[in-house]
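# Report on the structure
Now for the letters of each chain:
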Amino acid sequence: MNIDTARLGQGAQTAIVGLVCAIPVIALAVYLRTPDFPMDDAYIVQHSVESLRAGADSRFIGTPPLVGATSPSQVLLITALSVVLPTAWAQFIISGLGAILYASGAFHLAKRFGARTLPAAGVALLSILAGMSVYHFFNGLETGLAMAAIMWSLILFFDPVPLRRWHFALLGLLPYIRPELAALSLILFARAALHEWTANRAGFIQSMAMSAAWSVAGAAPIALFLLASGQPIIPNTVSAKALFFAEGCKPLLAKGQFAASILFDGVGIVGLAALGFIAAVMSRFRWVAVGFFAAVFAAYTLTLPGALAHNHHRYLYILIPLAIAGWASLTGAQDRRMRLGAWAGLGLALVVSAVGFATTWSLYNRGLNISRVELRGVAEWVRDNVPETATVLVHDAGYVSEVGGQPLVDIVGLKTLSSIEAHRAFTWPTCGPDARAIDMIASRAGASYMVVLKDWDNIFHFTSGLESRGWTLVRADAARGETMYEVYRLTPPSQSASLVR
């Protein structure tokens, strides 16, 4: 039996889709038993929540709780829910809500374009299965929340000027869900302003002043909270990573080629669902799609092109809602032949995405296993074997911060702002790892231990860099054997020299 708008309104149908989407989220919660996440950064979020509730950070001394958090909105939502639930479960629930809002939003947008119920449901299903979307919904970070925010922004601003002026508050909130969404906010505001200028010049200034006031109102609560609590009003994560990876200092052509190759690989993983990008450029959101895509791609190309490949192309997934919007527009096309072709293409894209889901599921479980075995193993070893007063250098600053009590220093600079100074002084000018940076960080911190991922050590030369600067390093957890993470005992140059004498 076909449930259509003649019997149920779009809002009711969207609510039903949301309830249906909640079923696999609940099933995943049962499957996990304990809410672990496939990325170490997810545990930085947990640590930020717990530091916020405690009023101070007990591991990264002197660091405000929200430093290192890309999404203040996500952290605050989890913090609010953690009053009644364990932090990890609160984090999982917010991730699940993001996925549900995103998929139900895809359905609602398709219906708004005029699609029938079954094709609209197909668009919702594709939004879930496309590429590695499920992995990113439940990576413990803000990715799914950001994708949902984009989808509902397109819904609320389906017409350039929304029906209710207070919808502009979402534009103010977007940058605090994910910094790159500031570009989308500006584009949607400019689109509305252009429409107002052509349709209502007499009332243009008053109308857009009211819209701007609502946008400011959307940003104000979080911005004021950050200022009042001594937090940076703009997340430091992008600048810290840009200086640490030091890719932005390379020639523009090389950065562009690198970013383009990553984008090509990412599109390949998304498969036929990526064809929706073409449809998006043909839809009423053409300039929104082109502008936001260009802004995101240019920003990463200029500052940190390699980030587009990090963590299974995580940063590219805020572009996927544009492709889903493209499919939504096709399924509701007025031309019958185009609409039938869209339905056939949607079916094929669903089949391809369903087949590819096996790889996504495998990678998700592999990530969970790394967290549950490798990260937990090294964190517990540090807790049990490193003196409580010893300062430990880390570059994966999440899981280890949740276990034990030793002071930590983040080499990258996400949680330790002073590390950014070292990378600005040495890493950025040399466009790559410089032993002087890790030496400065370790010396200033008085570090006596360091936890490194072997793969990262091979790339960034933490251990060899310290040794070249006169430090003595001995693997402290050798009894654990071959592991992804290793712990080294550090002896500074002055002490090393005295030991030789």
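Right, let's walk through the structure included here. (Residues numbered from 1 in each chain as written. Predicted model: local features only at pLDDT ≥ 70, side-chain atom pairs only at ≥ 80, totals over all residues. Heavy atoms only, no water.)

Across its full length, the protein carries 22 helices and 5 strands. On the principal axes, the C-alpha backbone points of the protein span a range of 85 × 50 × 50 Å. Burial analysis of the protein (501 residues in total) assigns 56% to the buried set. Across the protein, every contact between residues at least 6 apart in sequence was considered, and the portion connecting residues at least 24 apart equals 73%. Taken as a whole, the protein presents about 21000 Å² of accessible surface, with 66% of it coming from carbon and sulfur. Both charge centroids of the protein, one from 35 positive and one from 29 negative side chains, sit 11 Å from each other. (Helix = DSSP H or I, 4+ residues; strand = E, 2+ residues; numbered from the N terminus. Buried < 20%, exposed > 50% of the residue type's maximum accessible area, 1.4 Å probe, protein only. Contact = heavy atoms within 4.5 Å. Areas by Shrake-Rupley, 256 points an atom, 1.4 Å probe, with all protein chains shown as cover. Lys, Arg positive; Asp, Glu negative; His and termini not counted. Charge placed at Lys NZ, Arg CZ, Asp CG, Glu CD.)

Structurally, Gly345 can be placed in helix α17 (residues 336–385). For Gly345 and Asp40, which are 305 residues apart along the polypeptide, the C-alpha to C-alpha distance reads 37 Å.

This part covers the packing of helix α1 (residues 10–32) against helix α4 (residues 87–112). It is at 8 Å that the axes of α1 and α4 come closest, and there the two elements cross at 145°. Classified by chirality, the crossing of α4 by α1 is right-handed. Taking contact as the criterion, the partners of Gln10, Gly11, Gln13, Thr14, Val17, Gly18, Cys21, Ala22, Val25, Leu28, Ala29 and Leu32 in α1 are, on α4, Trp89, Phe92, Gly96, Ile100, Ala103, Ser104, Phe107, His108, Lys111 and Arg112. Tallied by class, the residues present in the contact of α1 with α4 amount to 12 nonpolar, 8 polar and 2 charged. (Axes fitted to C-alpha atoms, helices over the stretch in contact; angles between N-to-C directions. Left-handed = near helix turned anticlockwise from the far one by under 90°. Nonpolar A, V, L, I, M, F, W, Y, C, P; charged D, E, K, R; others polar.)

Taken in spatial order, the 5 strands line up as β2-β1-β3-β5-β4 in an open sheet, and their pairing is mixed. With partners counted over all chains shown, the strands left at the sheet margins are β2 (408–410) and β4 (472–475), one partner each. Going across the sheet, the axis of each strand differs from the next one's by a mean of 30°, ignoring polarity. One ladder, built from 3 bridges, connects strand β1 (residues 392–394) with β2; its direction is parallel. The residue bridging Val394 from the neighbouring strand is Asp410, located in β2. Running at roughly 30° to strand β5 (residues 485–491), α17 makes contact with β1, β3 (449–453) and β5 of the sheet. (Pairing = 2+ DSSP bridges.)

Glancing now at unusual backbone geometry. A positive phi is found at Asn311, a non-glycine position, where the angle reads about 50°. Relative to the elements of secondary structure, Asn311 occurs in helix α15 (residues 310–313). In this structure Asn311 comes out as partly exposed when scored by relative accessible area, which is 34%. The phi dihedral of His313 falls on the positive side, at around 60°, and the residue is not glycine. Relative to the helices and strands, His313 is located in helix α15.

Moving on, we get to the packing of aromatic side chains. If you walk through the whole model with that rule in mind, you get 26 aromatic pairs. Taking 5.8 Å as the distance between ring centres and 20° as the angle between the ring planes, the aromatic pair formed by Phe244 and Trp456 counts as stacked. Placement of the pair is Phe244 in helix α11 (residues 237–245) and Trp456 in helix α20 (residues 454–460), with a sequence separation of 212 residues. Of the residues examined, Trp456 reaches a relative accessible area of 21% and is grouped as partly exposed. (Phe/Tyr/Trp six-rings, centres within 6.5 Å; stacked < 30°, edge-to-face > 60°.)

Turning our eyes to something else, we now look at a nonpolar patch on the surface. Residues Val83, Val84, Leu85, Ile93, Leu97 and Leu101 make up a contiguous nonpolar surface patch of roughly 510 Å² in combined accessible area. Its location among the elements puts Leu101 in helix α4. Exposure remark for Leu101: the relative accessible area of 40% places this residue in the partly exposed category. (Patch = residues over 30% accessible without salt bridge, like charges linked within 9 Å, V, L, I, M, F, W, Y side chains within 5 Å. Salt bridge = Lys/Arg side-chain N within 4 Å of Asp/Glu carboxyl O.)

Its 23 residues give α1 an end-to-end C-alpha distance of 33 Å, which sits within 8% of 33 Å, the value for a rise of 1.5 Å per residue. Elements that come into contact with the buried residues of α1 comprise α4, α5 (117–129), α7 (143–156) and α17. Of the residues trailing α1, Arg33 is marked for its positive phi of about 65°. (Expected span 1.5 Å × (residues − 1).)

All right, on to the packing of α1 against α17 then. The interhelical angle for the contact between α1 and α17, taken along N-to-C directions, is 40°, at an axis separation of 13 Å. The angle between the axes of α1 and α17 places the two elements in the oblique class. Two packed elements cross with a definite hand, and for α1 against α17 that hand is right-handed. Packed against α1, whose contacting residues are Leu28, Tyr31 and Leu32, the element α17 presents Trp361, Tyr364, Asn365, Leu368 and Arg372 at the interface. In the contact of α1 with α17, the residues fall into 6 nonpolar, 1 polar and 1 charged. (Parallel < 35°, antiparallel > 145°, perpendicular 65-115°, else oblique.)

Moving on: the pairing of β3. Counting buried positions along β3 gives 5 out of 5 residues, so the element sits mostly inside the fold. Of the two faces of β3, the one holding Tyr449, Val451 and Leu453 and the one holding Met450 and Val452 are both buried throughout. Across 2 bridges, the pairing between β1 and β3 is parallel. Directly across from Leu393, in β3, lies its bridge partner Met450. Of the strand pairs in this sheet, β3 and β5 are connected by 5 bridges, and their pairing is antiparallel. Residue pairing for β5: Tyr449 is matched across the bridge by Arg489.

Moving on, we get to the nonpolar core. Formed by 156 residues in total, the largest nonpolar core has its most connected members in Leu109, Phe138, Phe292, Leu393, Met450 and Leu490. Every residue in contact with Leu393, bar those within four places of it in the chain, is listed here: Val409, Ile411, Ile438, Ile441, Ala442, Ala447, Tyr449, Met450, Val451 and Leu490. (Core = buried A, V, L, I, M, F, W, Y, C linked by side-chain atoms within 4.5 Å.)

So, about the environment of Phe60. Its place among the elements puts Phe60 in the loop between α2 (41–54) and α3 (72–81). Taking the relative accessible area as the measure of exposure, Phe60 reaches 1% and is therefore buried. Those residues within four positions of Phe60 in sequence are excluded, and the remaining contacts are His47, Val394, Ala397, Ser401, Leu408, Val409, Asp410, Lys415 and Thr416.

Bear in mind that shape data such as this cannot, by itself, settle questions of function.
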